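Take a look at the letters that make up each chain.
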Protein chains: 2
Amino acid sequence: MSNSLYDAERRILVCNDDGIFAPGIRALAEVAAEFGQVDIIAPDRQQSAVGHAITVSDPLRVTSFQINSRMEGQAVNGTPADCVKLGHDKLMQKKPDLVLSGINHGSNAGINIIYSGTVSAATEATILGYPAIAVSCMEFSESADLSGAQEAARRAVRYVLQNGLPAGVTLNVNAPGGPLKGLRWAKQANSRYVEEFEGRVDPHNKPYFWITGRLEILDKGEDLDLNLLKKGFGTITPIQYDLTAHSFYGKQGSELE
Amino acid sequence: MSNSLYDAERRILVCNDDGIFAPGIRALAEVAAEFGQVDIIAPDRQQSAVGHAITVSDPLRVTSFQINSRMEGQAVNGTPADCVKLGHDKLMQKKPDLVLSGINHGSNAGINIIYSGTVSAATEATILGYPAIAVSCMEFSESADLSGAQEAARRAVRYVLQNGLPAGVTLNVNAPGGPLKGLRWAKQANSRYVEEFEGRVDPHNKPYFWITGRLEILDKGEDLDLNLLKKGFGTITPIQYDLTAHSFYGKQGSELE
(Lines give C-alpha, C1' and ligand atoms only; values in the text may rest on other atoms or scores of the structure.)
Protein backbone atom coordinates (compact mmCIF):
# COMPACT_ATOMS: atom_id res chain seq x y z
CA MET A 1 0.00 0.00 0.00
CA SER A 2 1.57 3.28 -1.06
CA ASN A 3 1.19 5.59 1.91
CA SER A 4 3.79 8.07 3.06
CA LEU A 5 2.48 7.73 6.63
CA TYR A 6 2.99 3.96 6.76
CA ASP A 7 5.42 2.88 9.46
CA ALA A 8 6.17 -0.80 10.01
CA GLU A 9 7.15 -0.05 13.62
CA ARG A 10 3.76 1.49 14.43
CA ARG A 11 1.34 -0.76 16.37
CA ILE A 12 -2.37 -0.08 15.97
CA LEU A 13 -4.88 -1.77 18.26
CA VAL A 14 -8.29 -2.31 16.65
CA CYS A 15 -11.33 -3.03 18.82
CA ASN A 16 -15.12 -2.77 18.45
CA ASP A 17 -18.38 -3.60 20.20
CA ASP A 18 -20.12 -5.67 17.53
CA GLY A 19 -17.69 -8.50 18.18
CA ILE A 20 -14.70 -9.93 16.38
CA PHE A 21 -16.77 -11.50 13.57
CA ALA A 22 -18.48 -8.27 12.47
CA PRO A 23 -17.62 -6.98 8.97
CA GLY A 24 -16.97 -3.52 10.43
CA ILE A 25 -13.88 -4.52 12.38
CA ARG A 26 -12.32 -6.10 9.30
CA ALA A 27 -13.02 -2.92 7.32
CA LEU A 28 -11.34 -0.82 10.03
CA ALA A 29 -8.40 -3.21 10.33
CA GLU A 30 -7.80 -2.80 6.57
CA VAL A 31 -7.54 0.97 7.03
CA ALA A 32 -5.26 0.48 10.05
CA ALA A 33 -2.98 -1.77 7.98
CA GLU A 34 -2.31 1.17 5.64
CA PHE A 35 -0.54 2.90 8.55
CA GLY A 36 1.18 0.15 10.54
CA GLN A 37 1.03 -3.27 12.19
CA VAL A 38 -2.43 -4.25 13.39
CA ASP A 39 -3.48 -6.02 16.60
CA ILE A 40 -7.15 -6.94 16.78
CA ILE A 41 -8.60 -7.49 20.26
CA ALA A 42 -12.38 -7.48 20.41
CA PRO A 43 -15.36 -8.97 22.26
CA ASP A 44 -16.23 -12.53 21.32
CA ARG A 45 -19.87 -11.53 20.81
CA GLN A 46 -22.16 -8.57 20.15
CA GLN A 47 -21.80 -5.98 22.94
CA SER A 48 -23.89 -3.09 21.63
CA ALA A 49 -25.18 -0.47 24.06
CA VAL A 50 -22.99 -1.72 26.90
CA GLY A 51 -21.68 1.80 27.45
CA HIS A 52 -18.49 1.98 29.47
CA ALA A 53 -19.13 -1.28 31.32
CA ILE A 54 -16.17 -3.23 32.67
CA THR A 55 -16.18 -6.79 33.95
CA VAL A 56 -15.25 -6.97 37.62
CA SER A 57 -17.18 -10.00 38.89
CA ASP A 58 -16.31 -12.54 36.22
CA PRO A 59 -12.96 -13.77 34.92
CA LEU A 60 -11.93 -12.83 31.39
CA ARG A 61 -10.85 -15.45 28.88
CA VAL A 62 -9.02 -14.92 25.63
CA THR A 63 -9.20 -16.94 22.41
CA SER A 64 -7.03 -16.43 19.33
CA PHE A 65 -8.79 -16.22 15.97
CA GLN A 66 -7.83 -16.13 12.33
CA ILE A 67 -9.83 -13.14 11.00
CA ASN A 68 -8.86 -13.75 7.38
CA SER A 69 -5.84 -15.07 5.52
CA ARG A 70 -3.79 -11.99 6.47
CA MET A 71 -5.01 -11.11 9.96
CA GLU A 72 -5.19 -12.70 13.38
CA GLY A 73 -7.15 -11.47 16.31
CA GLN A 74 -7.89 -12.18 19.95
CA ALA A 75 -11.44 -12.51 21.23
CA VAL A 76 -12.30 -11.63 24.84
CA ASN A 77 -15.46 -12.66 26.71
CA GLY A 78 -15.91 -9.11 27.96
CA THR A 79 -16.84 -5.58 27.04
CA PRO A 80 -15.08 -3.22 24.61
CA ALA A 81 -13.46 -1.37 27.55
CA ASP A 82 -12.27 -4.74 28.95
CA CYS A 83 -10.59 -5.50 25.61
CA VAL A 84 -8.61 -2.27 25.66
CA LYS A 85 -7.63 -2.62 29.33
CA LEU A 86 -6.56 -6.25 28.93
CA GLY A 87 -4.81 -5.57 25.62
CA HIS A 88 -2.87 -2.72 27.22
CA ASP A 89 -1.92 -4.63 30.36
CA LYS A 90 -1.44 -8.22 29.20
CA LEU A 91 -2.13 -9.13 25.57
CA MET A 92 -0.05 -6.72 23.49
CA GLN A 93 3.66 -7.48 23.40
CA LYS A 94 4.33 -3.87 22.37
CA LYS A 95 2.09 -1.03 23.55
CA PRO A 96 -0.07 0.51 20.82
CA ASP A 97 0.74 3.86 19.20
CA LEU A 98 -2.89 4.34 18.20
CA VAL A 99 -6.22 2.69 19.11
CA LEU A 100 -9.15 2.44 16.68
CA SER A 101 -12.63 1.22 17.59
CA GLY A 102 -15.30 0.17 15.08
CA ILE A 103 -16.47 0.36 12.41
CA ASN A 104 -19.71 0.15 14.35
CA HIS A 105 -22.82 -0.99 12.49
CA GLY A 106 -25.07 1.93 13.44
CA SER A 107 -24.14 5.56 14.16
CA ASN A 108 -22.84 6.79 17.52
CA ALA A 109 -23.73 10.46 17.46
CA GLY A 110 -25.72 12.75 19.75
CA ILE A 111 -26.85 11.05 22.95
CA ASN A 112 -25.88 7.63 21.52
CA ILE A 113 -22.29 8.47 22.42
CA ILE A 114 -22.97 7.71 26.08
CA TYR A 115 -24.59 4.32 25.36
CA SER A 116 -21.92 3.25 22.92
CA GLY A 117 -19.50 0.41 23.55
CA THR A 118 -17.59 1.43 20.42
CA VAL A 119 -16.93 4.90 21.79
CA SER A 120 -16.14 3.55 25.28
CA ALA A 121 -13.30 1.43 23.88
CA ALA A 122 -11.74 4.55 22.35
CA THR A 123 -12.37 6.59 25.51
CA GLU A 124 -10.73 3.87 27.60
CA ALA A 125 -7.67 4.08 25.35
CA THR A 126 -7.59 7.87 25.85
CA ILE A 127 -7.74 7.38 29.62
CA LEU A 128 -4.77 5.02 29.34
CA GLY A 129 -2.85 7.67 27.41
CA TYR A 130 -3.16 6.44 23.81
CA PRO A 131 -4.49 8.53 20.89
CA ALA A 132 -7.82 6.96 19.96
CA ILE A 133 -10.55 7.19 17.35
CA ALA A 134 -14.03 5.62 17.33
CA VAL A 135 -15.63 5.03 13.91
CA SER A 136 -19.27 4.24 13.17
CA CYS A 137 -21.39 3.87 10.05
CA MET A 138 -25.07 4.83 10.04
CA GLU A 139 -26.06 1.63 8.23
CA PHE A 140 -26.98 -1.31 10.45
CA SER A 141 -26.84 -3.88 7.67
CA GLU A 142 -23.95 -6.33 7.72
CA SER A 143 -23.69 -5.85 3.94
CA ALA A 144 -23.56 -2.02 4.17
CA ASP A 145 -21.09 -0.14 1.97
CA LEU A 146 -18.49 0.94 4.55
CA SER A 147 -16.20 2.69 2.04
CA GLY A 148 -17.20 6.18 3.23
CA ALA A 149 -16.68 5.26 6.89
CA GLN A 150 -13.32 3.78 5.93
CA GLU A 151 -12.33 7.00 4.17
CA ALA A 152 -13.47 9.03 7.19
CA ALA A 153 -11.37 6.76 9.43
CA ARG A 154 -8.39 7.19 7.09
CA ARG A 155 -8.64 10.99 7.29
CA ALA A 156 -8.98 10.92 11.07
CA VAL A 157 -5.93 8.64 11.42
CA ARG A 158 -3.95 10.92 9.11
CA TYR A 159 -4.99 13.91 11.23
CA VAL A 160 -3.89 12.23 14.47
CA LEU A 161 -0.56 11.02 13.07
CA GLN A 162 0.22 14.50 11.73
CA ASN A 163 -1.15 16.63 14.60
CA GLY A 164 -1.39 14.39 17.65
CA LEU A 165 -4.28 14.76 20.09
CA PRO A 166 -4.38 16.70 23.37
CA ALA A 167 -4.49 14.58 26.53
CA GLY A 168 -8.06 13.61 27.40
CA VAL A 169 -9.51 14.09 23.91
CA THR A 170 -10.95 11.24 21.81
CA LEU A 171 -12.12 11.56 18.20
CA ASN A 172 -15.58 10.19 17.41
CA VAL A 173 -16.16 9.67 13.68
CA ASN A 174 -19.49 8.87 12.01
CA ALA A 175 -20.36 8.42 8.37
CA PRO A 176 -23.38 7.49 6.27
CA GLY A 177 -23.22 4.29 4.23
CA GLY A 178 -21.71 4.58 0.74
CA PRO A 179 -19.00 6.99 -0.48
CA LEU A 180 -17.95 9.90 1.76
CA LYS A 181 -19.50 13.23 0.77
CA GLY A 182 -17.22 15.17 3.16
CA LEU A 183 -16.00 14.96 6.75
CA ARG A 184 -17.07 17.84 8.99
CA TRP A 185 -15.86 18.77 12.46
CA ALA A 186 -18.97 18.61 14.66
CA LYS A 187 -20.32 18.97 18.19
CA GLN A 188 -22.41 16.33 19.99
CA ALA A 189 -26.06 17.14 19.34
CA ASN A 190 -28.30 17.50 22.38
CA SER A 191 -30.78 14.69 21.84
CA ARG A 192 -32.65 11.93 23.61
CA TYR A 193 -34.68 8.84 22.95
CA VAL A 194 -38.42 9.09 23.14
CA GLU A 195 -38.92 5.63 24.55
CA GLU A 196 -41.93 3.53 23.90
CA PHE A 197 -41.41 0.25 25.68
CA GLU A 198 -43.57 -2.38 24.05
CA GLY A 199 -45.35 -4.56 26.58
CA ARG A 200 -45.96 -8.20 25.60
CA VAL A 201 -47.13 -11.35 27.33
CA ASP A 202 -45.11 -14.57 27.04
CA PRO A 203 -46.60 -18.06 26.35
CA HIS A 204 -46.67 -18.62 30.13
CA ASN A 205 -48.84 -15.54 30.59
CA LYS A 206 -46.05 -13.44 32.13
CA PRO A 207 -45.58 -9.81 31.01
CA TYR A 208 -42.33 -8.42 29.61
CA PHE A 209 -41.09 -5.26 27.86
CA TRP A 210 -38.99 -4.59 24.77
CA ILE A 211 -37.23 -1.27 24.47
CA THR A 212 -38.06 0.65 21.30
CA GLY A 213 -38.00 4.37 20.61
CA ARG A 214 -36.96 7.11 18.26
CA LEU A 215 -34.17 9.62 18.58
CA GLU A 216 -35.28 13.22 19.08
CA ILE A 217 -32.81 16.02 18.21
CA LEU A 218 -33.32 18.94 20.59
CA ASP A 219 -31.16 21.52 18.83
CA LYS A 220 -31.01 22.79 15.23
CA GLY A 221 -27.35 23.89 15.07
CA GLU A 222 -25.75 23.19 11.70
CA ASP A 223 -22.52 22.24 13.47
CA LEU A 224 -24.10 19.31 15.35
CA ASP A 225 -23.21 15.73 14.50
CA LEU A 226 -26.75 14.39 14.07
CA ASN A 227 -27.79 17.33 11.88
CA LEU A 228 -24.72 17.03 9.63
CA LEU A 229 -25.24 13.28 9.28
CA LYS A 230 -28.83 13.90 8.18
CA LYS A 231 -27.44 16.08 5.40
CA GLY A 232 -25.24 13.24 4.22
CA PHE A 233 -21.90 14.39 5.64
CA GLY A 234 -19.48 12.37 7.72
CA THR A 235 -18.69 13.92 11.10
CA ILE A 236 -15.70 14.04 13.43
CA THR A 237 -16.49 15.07 17.01
CA PRO A 238 -13.80 15.62 19.64
CA ILE A 239 -15.07 14.29 22.99
CA GLN A 240 -13.67 14.24 26.51
CA TYR A 241 -14.11 12.14 29.64
CA ASP A 242 -13.94 15.12 31.99
CA LEU A 243 -17.66 15.27 32.79
CA THR A 244 -17.49 18.26 35.16
CA ALA A 245 -20.12 20.88 34.30
CA HIS A 246 -17.52 23.64 34.64
CA SER A 247 -19.82 26.58 34.00
CA PHE A 248 -22.29 25.46 36.70
CA TYR A 249 -19.43 24.58 39.05
CA GLY A 250 -18.00 28.08 38.69
CA LYS A 251 -21.19 29.60 40.07
CA GLN A 252 -21.09 27.68 43.36
CA GLY A 253 -19.31 28.48 46.59
CA SER A 254 -17.02 25.95 48.20
CA GLU A 255 -19.34 24.41 50.81
CA LEU A 256 -22.93 23.19 50.60
CA GLU A 257 -24.59 23.47 54.03
CA MET B 1 -40.69 13.90 59.80
CA SER B 2 -40.66 17.63 60.45
CA ASN B 3 -39.36 19.14 57.24
CA SER B 4 -40.55 22.39 55.71
CA LEU B 5 -39.65 21.06 52.25
CA TYR B 6 -41.87 17.96 52.56
CA ASP B 7 -44.58 17.82 49.93
CA ALA B 8 -46.99 14.88 49.81
CA GLU B 9 -47.61 15.55 46.11
CA ARG B 10 -43.91 15.23 45.23
CA ARG B 11 -42.87 11.91 43.64
CA ILE B 12 -39.27 10.83 44.07
CA LEU B 13 -37.88 7.90 42.07
CA VAL B 14 -35.09 6.05 43.84
CA CYS B 15 -32.79 3.73 41.87
CA ASN B 16 -29.30 2.25 42.31
CA ASP B 17 -26.87 -0.20 40.76
CA ASP B 18 -26.20 -2.51 43.72
CA GLY B 19 -29.69 -3.95 43.33
CA ILE B 20 -32.95 -3.59 45.20
CA PHE B 21 -31.75 -5.59 48.23
CA ALA B 22 -28.70 -3.43 49.00
CA PRO B 23 -28.77 -1.47 52.29
CA GLY B 24 -27.77 1.69 50.40
CA ILE B 25 -31.03 2.00 48.50
CA ARG B 26 -33.05 1.73 51.71
CA ALA B 27 -30.90 4.43 53.31
CA LEU B 28 -31.50 6.72 50.33
CA ALA B 29 -35.22 5.96 50.22
CA GLU B 30 -35.44 7.04 53.87
CA VAL B 31 -33.94 10.41 52.96
CA ALA B 32 -36.27 10.70 49.96
CA ALA B 33 -39.29 10.03 52.21
CA GLU B 34 -38.44 13.20 54.16
CA PHE B 35 -39.28 15.19 51.02
CA GLY B 36 -42.14 13.34 49.33
CA GLN B 37 -43.64 10.07 48.10
CA VAL B 38 -41.08 7.45 47.12
CA ASP B 39 -41.06 5.02 44.18
CA ILE B 40 -38.25 2.49 44.22
CA ILE B 41 -37.32 0.91 40.89
CA ALA B 42 -33.98 -0.85 40.83
CA PRO B 43 -32.08 -3.74 39.28
CA ASP B 44 -32.95 -7.18 40.65
CA ARG B 45 -29.24 -7.91 41.16
CA GLN B 46 -25.81 -6.32 41.52
CA GLN B 47 -25.01 -4.18 38.43
CA SER B 48 -21.78 -2.48 39.44
CA ALA B 49 -19.50 -1.06 36.74
CA VAL B 50 -22.11 -1.50 34.03
CA GLY B 51 -21.65 2.14 33.02
CA HIS B 52 -24.44 3.56 30.90
CA ALA B 53 -25.46 0.17 29.48
CA ILE B 54 -29.01 -0.33 28.28
CA THR B 55 -30.69 -3.62 27.43
CA VAL B 56 -31.71 -3.79 23.79
CA SER B 57 -31.45 -7.48 22.93
CA ASP B 58 -33.33 -9.01 25.86
CA PRO B 59 -36.82 -8.38 27.20
CA LEU B 60 -37.19 -6.65 30.57
CA ARG B 61 -39.28 -8.16 33.34
CA VAL B 62 -40.57 -6.44 36.45
CA THR B 63 -41.24 -7.91 39.90
CA SER B 64 -42.85 -6.09 42.84
CA PHE B 65 -41.09 -6.32 46.19
CA GLN B 66 -41.77 -5.35 49.76
CA ILE B 67 -38.59 -3.50 50.80
CA ASN B 68 -39.61 -3.17 54.43
CA SER B 69 -42.87 -2.68 56.33
CA ARG B 70 -43.26 0.86 54.95
CA MET B 71 -41.87 0.64 51.42
CA GLU B 72 -42.54 -1.25 48.23
CA GLY B 73 -40.33 -1.42 45.23
CA GLN B 74 -40.11 -2.83 41.72
CA ALA B 75 -37.16 -4.92 40.59
CA VAL B 76 -36.11 -4.98 36.94
CA ASN B 77 -33.84 -7.58 35.31
CA GLY B 78 -31.85 -4.81 33.65
CA THR B 79 -29.34 -2.04 34.17
CA PRO B 80 -29.74 1.15 36.25
CA ALA B 81 -30.40 3.15 33.06
CA ASP B 82 -33.05 0.59 32.04
CA CYS B 83 -34.80 1.10 35.40
CA VAL B 84 -35.05 4.85 34.91
CA LYS B 85 -36.19 4.56 31.29
CA LEU B 86 -38.80 1.91 32.07
CA GLY B 87 -39.94 3.72 35.22
CA HIS B 88 -40.39 6.92 33.25
CA ASP B 89 -42.21 5.32 30.33
CA LYS B 90 -44.27 2.52 31.90
CA LEU B 91 -43.97 1.84 35.62
CA MET B 92 -44.63 5.18 37.33
CA GLN B 93 -48.24 6.25 37.39
CA LYS B 94 -47.15 9.84 37.96
CA LYS B 95 -43.87 11.15 36.52
CA PRO B 96 -41.17 11.84 39.12
CA ASP B 97 -40.27 15.34 40.28
CA LEU B 98 -36.82 14.19 41.33
CA VAL B 99 -34.67 11.10 40.74
CA LEU B 100 -32.11 9.81 43.26
CA SER B 101 -29.63 7.00 42.62
CA GLY B 102 -27.68 5.17 45.30
CA ILE B 103 -26.48 5.08 47.97
CA ASN B 104 -23.74 3.17 46.18
CA HIS B 105 -21.49 0.96 48.25
CA GLY B 106 -18.17 2.37 47.01
CA SER B 107 -17.33 5.89 45.83
CA ASN B 108 -18.00 7.17 42.31
CA ALA B 109 -15.51 9.99 41.96
CA GLY B 110 -12.77 10.79 39.47
CA ILE B 111 -12.64 8.39 36.53
CA ASN B 112 -15.04 6.01 38.34
CA ILE B 113 -17.85 8.31 37.23
CA ILE B 114 -17.71 6.88 33.72
CA TYR B 115 -17.84 3.26 34.88
CA SER B 116 -20.64 3.84 37.36
CA GLY B 117 -24.10 2.40 37.01
CA THR B 118 -25.23 4.57 39.94
CA VAL B 119 -24.24 7.74 38.13
CA SER B 120 -25.67 6.50 34.82
CA ALA B 121 -29.13 6.13 36.37
CA ALA B 122 -29.01 9.77 37.46
CA THR B 123 -27.59 10.90 34.10
CA GLU B 124 -30.37 9.02 32.31
CA ALA B 125 -32.92 10.89 34.42
CA THR B 126 -31.25 14.20 33.48
CA ILE B 127 -31.46 13.26 29.79
CA LEU B 128 -35.18 12.59 30.26
CA GLY B 129 -35.58 16.04 31.81
CA TYR B 130 -35.76 15.24 35.54
CA PRO B 131 -33.53 16.79 38.22
CA ALA B 132 -31.29 14.00 39.43
CA ILE B 133 -28.68 13.24 42.07
CA ALA B 134 -26.32 10.25 42.39
CA VAL B 135 -25.10 9.41 45.90
CA SER B 136 -22.21 7.11 46.83
CA CYS B 137 -20.41 6.17 50.04
CA MET B 138 -16.70 5.31 50.04
CA GLU B 139 -17.28 2.27 52.26
CA PHE B 140 -17.88 -1.01 50.43
CA SER B 141 -19.13 -2.88 53.49
CA GLU B 142 -22.83 -3.69 53.65
CA SER B 143 -22.73 -2.69 57.31
CA ALA B 144 -21.07 0.69 56.63
CA ASP B 145 -22.31 3.76 58.53
CA LEU B 146 -24.19 5.60 55.76
CA SER B 147 -25.33 8.51 57.96
CA GLY B 148 -22.86 10.95 56.39
CA ALA B 149 -23.84 9.96 52.86
CA GLN B 150 -27.49 10.33 53.90
CA GLU B 151 -26.81 13.83 55.22
CA ALA B 152 -24.95 14.72 52.00
CA ALA B 153 -27.92 13.43 50.00
CA ARG B 154 -30.28 15.48 52.19
CA ARG B 155 -28.32 18.67 51.53
CA ALA B 156 -28.16 17.99 47.79
CA VAL B 157 -31.93 17.36 47.64
CA ARG B 158 -32.56 20.56 49.58
CA TYR B 159 -30.32 22.46 47.16
CA VAL B 160 -32.17 21.11 44.13
CA LEU B 161 -35.63 21.74 45.57
CA GLN B 162 -34.65 25.32 46.44
CA ASN B 163 -32.56 26.21 43.38
CA GLY B 164 -33.46 23.77 40.62
CA LEU B 165 -30.81 22.46 38.25
CA PRO B 166 -29.90 23.72 34.77
CA ALA B 167 -30.88 21.43 31.89
CA GLY B 168 -28.22 18.82 31.25
CA VAL B 169 -26.60 18.99 34.71
CA THR B 170 -26.58 16.07 37.17
CA LEU B 171 -25.28 16.25 40.75
CA ASN B 172 -22.84 13.54 41.79
CA VAL B 173 -22.46 13.25 45.58
CA ASN B 174 -19.82 11.20 47.42
CA ALA B 175 -19.16 10.84 51.14
CA PRO B 176 -16.85 8.86 53.42
CA GLY B 177 -18.43 6.38 55.83
CA GLY B 178 -19.54 7.77 59.19
CA PRO B 179 -20.76 11.28 60.04
CA LEU B 180 -20.41 14.06 57.44
CA LYS B 181 -17.47 16.38 58.04
CA GLY B 182 -18.66 18.86 55.40
CA LEU B 183 -19.95 18.81 51.81
CA ARG B 184 -17.71 20.55 49.28
CA TRP B 185 -18.47 21.53 45.67
CA ALA B 186 -15.86 19.69 43.62
CA LYS B 187 -14.60 18.95 40.13
CA GLN B 188 -14.03 15.45 38.71
CA ALA B 189 -10.39 14.55 39.36
CA ASN B 190 -8.34 13.46 36.37
CA SER B 191 -7.45 9.90 37.32
CA ARG B 192 -7.11 6.41 35.93
CA TYR B 193 -6.73 2.83 37.02
CA VAL B 194 -3.32 1.30 36.91
CA GLU B 195 -4.51 -2.15 35.95
CA GLU B 196 -2.82 -5.30 36.92
CA PHE B 197 -4.85 -8.15 35.54
CA GLU B 198 -4.11 -11.27 37.54
CA GLY B 199 -3.64 -14.31 35.34
CA ARG B 200 -4.75 -17.69 36.78
CA VAL B 201 -5.24 -21.20 35.48
CA ASP B 202 -8.51 -23.04 36.06
CA PRO B 203 -8.80 -26.70 37.22
CA HIS B 204 -9.12 -27.69 33.54
CA ASN B 205 -5.78 -26.05 32.78
CA LYS B 206 -7.29 -23.09 30.91
CA PRO B 207 -5.98 -19.56 31.59
CA TYR B 208 -8.18 -16.66 32.71
CA PHE B 209 -7.75 -13.11 34.03
CA TRP B 210 -9.20 -11.18 36.96
CA ILE B 211 -9.22 -7.41 36.81
CA THR B 212 -7.50 -5.73 39.75
CA GLY B 213 -5.81 -2.36 39.98
CA ARG B 214 -5.37 0.81 41.95
CA LEU B 215 -6.70 4.28 41.24
CA GLU B 216 -4.06 6.86 40.34
CA ILE B 217 -4.91 10.56 40.81
CA LEU B 218 -3.18 12.61 38.11
CA ASP B 219 -3.85 16.09 39.48
CA LYS B 220 -3.28 17.70 42.89
CA GLY B 221 -6.00 20.39 42.81
CA GLU B 222 -7.65 20.92 46.18
CA ASP B 223 -11.01 21.38 44.45
CA LEU B 224 -11.01 17.84 42.99
CA ASP B 225 -13.44 15.20 44.24
CA LEU B 226 -10.91 12.45 44.95
CA ASN B 227 -8.56 14.79 46.79
CA LEU B 228 -11.35 16.23 48.97
CA LEU B 229 -12.61 12.73 49.78
CA LYS B 230 -9.11 11.74 50.90
CA LYS B 231 -9.24 14.64 53.35
CA GLY B 232 -12.49 13.30 54.80
CA PHE B 233 -14.96 15.69 53.16
CA GLY B 234 -18.10 14.80 51.27
CA THR B 235 -18.17 16.12 47.69
CA ILE B 236 -20.82 17.33 45.28
CA THR B 237 -19.75 17.45 41.64
CA PRO B 238 -21.96 18.85 38.88
CA ILE B 239 -21.55 16.70 35.75
CA GLN B 240 -22.92 16.88 32.22
CA TYR B 241 -23.59 14.46 29.38
CA ASP B 242 -22.43 16.88 26.69
CA LEU B 243 -19.09 15.20 25.98
CA THR B 244 -17.93 17.62 23.27
CA ALA B 245 -14.37 18.80 23.89
CA HIS B 246 -15.39 22.39 23.14
CA SER B 247 -11.98 23.98 23.50
CA PHE B 248 -10.39 21.53 21.02
CA TYR B 249 -13.40 21.80 18.70
CA GLY B 250 -13.03 25.58 18.60
CA LYS B 251 -9.53 25.28 17.15
CA GLN B 252 -10.60 23.24 14.10
CA GLY B 253 -11.90 24.37 10.74
CA SER B 254 -15.17 23.02 9.39
CA GLU B 255 -13.90 20.28 7.07
CA LEU B 256 -11.28 17.57 7.51
CA GLU B 257 -9.79 16.66 4.12
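Just so we're clear, the structure is a prediction, and the values are computed from it rather than from any experiment.

**As for the UniProt feature "domain: Survival protein SurE-like phosphatase/nucleotidase" (unreviewed entry) in chain A**
According to UniProt, the feature "domain: Survival protein SurE-like phosphatase/nucleotidase" (unreviewed entry) maps to residues 12-194 of chain A in the numbering used here. What you have in residues 12-194 of chain A is 30% helix and 27% strand, and the ends, taken at the C-alpha atoms, are 38 Å apart.

**Some thoughts on the sheet that holds strand 1 (residues 11-15) of chain B**
Residue and element names in this part refer to chain B. Read from one edge to the other, the open sheet built from nine strands follows the order 3-4-2-1-5-6-7-13-8, with strand pairing classed as mixed. In this open sheet, the two strands that pair with only one neighbour each are strand 3 (62-66) and strand 8 (183-185). For this sheet, the mean angle separating the axes of adjacent strands, direction not counted, is 25°. With five bridges connecting them, strand 3 and strand 4 (residues 72-76) associate as antiparallel partners. Each residue of the ladder has a partner; that of serine 64, found in strand 4, is glutamine 74. Helix 1 (residues 23-33) contacts strand 1, strand 2 (37-43), strand 5 (98-105) and strand 6 (132-137) of the sheet and is inclined by roughly 145° relative to strand 5. The strands touched by helix 4 (residues 117-127) within the sheet are strand 1, strand 5, strand 6, strand 7 (169-175) and strand 13 (234-240), with strand 6 carrying the most contacts at an inclination of about 170°.

**Focus on the relation of the copies chain B and chain A**
Expressed as a screw transformation, the operator carrying chain B onto chain A has a rotation angle of 180° and an axial translation of 0.0 Å, and the superposed copies differ by an RMSD of 0.0 Å. On the angle and the small slide along the axis, the relation comes out as a two-fold axis. Relative to the rotation axis, the C-alpha of glycine 51 of chain B is the closest in chain B, positioned 2.8 Å from it. Interface overlap between copies is the fraction of interface residues in one copy that are interface residues in the other; for chain B against chain A it reaches 100%, indicating a shared surface.

**With respect to the interface of chain B and chain A**
The accessible area lost on association of the parts is a frequent measure of interface size. Taken residue by residue, the interface counts 75 residues in chain B and 76 residues in chain A. In total, chain B and chain A occlude about 7,000 Å² of area from one another, counting both sides; carbon and sulfur atoms represent 61% of this. Between the two partners, chain B and chain A, sit four salt bridges. Between glutamate 255 of chain B and arginine 184 of chain A there is a salt bridge, with its nearest N and O atoms 2.6 Å apart. Where chain B packs against chain A, one counts 36 residue pairs in polar contact (both at pLDDT 80 or more). For the side of chain B that touches chain A, the per-class residue count stands at 41 nonpolar, 15 polar and 19 charged.

**Focus: the pattern of salt bridges**
Counted according to the given criterion, the structure contains 26 salt bridges over all chains. Two residues, aspartate 202 of chain A and arginine 61 of chain B, come together in a salt bridge whose shortest N-O distance is 3.0 Å. Of this pair, aspartate 202 of chain A sits in the loop between strand 10 (198-201) and strand 11 (207-210) while arginine 61 of chain B is found in the loop between strand 2 and strand 3, placing the two residues in two different chains. Under the relative-accessibility criterion, arginine 61 of chain B is labelled partly exposed at 32%.

**Structural notes on helix 1 (residues 23-33) of chain A**
Burial analysis of helix 1 of chain A places eight of its eleven residues in the buried class, the great majority of the element. Buried residues in helix 1 of chain A make contact with strand 1 (11-15), strand 2 (37-43), strand 5 (98-105), strand 6 (132-137) and helix 5 (147-163) of chain A.

**Re unusual backbone geometry**
Residues and elements named next belong to chain A. That bond from glycine 102 to isoleucine 103 is cis: its omega, -15°, falls within 30 degrees of zero. Here isoleucine 103 is to be found in strand 5. Here the phi dihedral of asparagine 205 falls at roughly 70°; this positive angle occurs in a residue that is not glycine. In this structure asparagine 205 comes out as exposed when scored by relative accessible area, which is 65%.

**So, the environment of glycine 199 of chain A**
Residues and elements named next belong to chain A. Structurally, glycine 199 can be placed in strand 10. Its relative accessible area of 47% is what places glycine 199 among the partly exposed residues. Glycine 199 sits 34 residues away from leucine 165 along the chain, and the two C-alpha atoms are 46 Å apart. The residues contacting glycine 199, other than those within four sequence positions of it, are Tyr208 and Phe209.

**Some thoughts on the packing of aromatic side chains**
For the structure shown, the criterion picks out twelve aromatic pairs over all chains. On the basis of an interplanar angle of 65° and a centroid distance of 5.9 Å, the ring pair of phenylalanine 248 of chain A and tryptophan 185 of chain B is categorised as edge-to-face. Taken together, the residues span two chains, with phenylalanine 248 of chain A in helix 7 (residues 246-249) and tryptophan 185 of chain B in strand 8. When its relative accessible area of 8% is taken as the criterion, phenylalanine 248 of chain A is described as buried. The class of tryptophan 185 of chain B is buried, set by a relative accessible area of 4%. On the basis of an interplanar angle of 90° and a centroid distance of 4.9 Å, the ring pair of phenylalanine 21 of chain B and phenylalanine 65 of chain B is categorised as edge-to-face. Note that phenylalanine 21 of chain B is positioned in the loop between strand 1 and helix 1 and phenylalanine 65 of chain B in strand 3, a separation of 44 residues in sequence. An aromatic cluster is present here, built from Tyr159 and Trp185 of chain A together with Phe248 of chain B joined pairwise through their rings. Lysine 181 of chain B extends its terminal NZ or CZ atom over the ring of phenylalanine 233 of chain B, reaching a point 4.8 Å from the ring centre.

Basis of the calculations
Residues numbered from 1 in each chain as written. Chains lettered and ligands numbered in written order. Predicted model: local features only at pLDDT ≥ 70, side-chain atom pairs only at ≥ 80, totals over all residues. Heavy atoms only, no water. UniProt positions renumbered as here; feature names shortened; annotations may be inferred. Helix = DSSP H or I, 4+ residues; strand = E, 2+ residues; numbered from the N terminus. Pairing = 2+ DSSP bridges. Axes fitted to C-alpha atoms, helices over the stretch in contact; angles between N-to-C directions. Contact = heavy atoms within 4.5 Å. Least-squares fit on C-alpha atoms with pLDDT ≥ 70 in both. Buried area = accessible area lost by both parts, 1.4 Å probe. Salt bridge = Lys/Arg side-chain N within 4 Å of Asp/Glu carboxyl O. Polar contact = N/O pair within 3.5 Å; in protein donor to acceptor, adjacent residues only side chain to side chain. Nonpolar A, V, L, I, M, F, W, Y, C, P; charged D, E, K, R; others polar. Buried < 20%, exposed > 50% of the residue type's maximum accessible area, 1.4 Å probe, protein only. Phe/Tyr/Trp six-rings, centres within 6.5 Å; stacked < 30°, edge-to-face > 60°. Lys NZ or Arg CZ within 6 Å of the ring centre and 35° of its normal.

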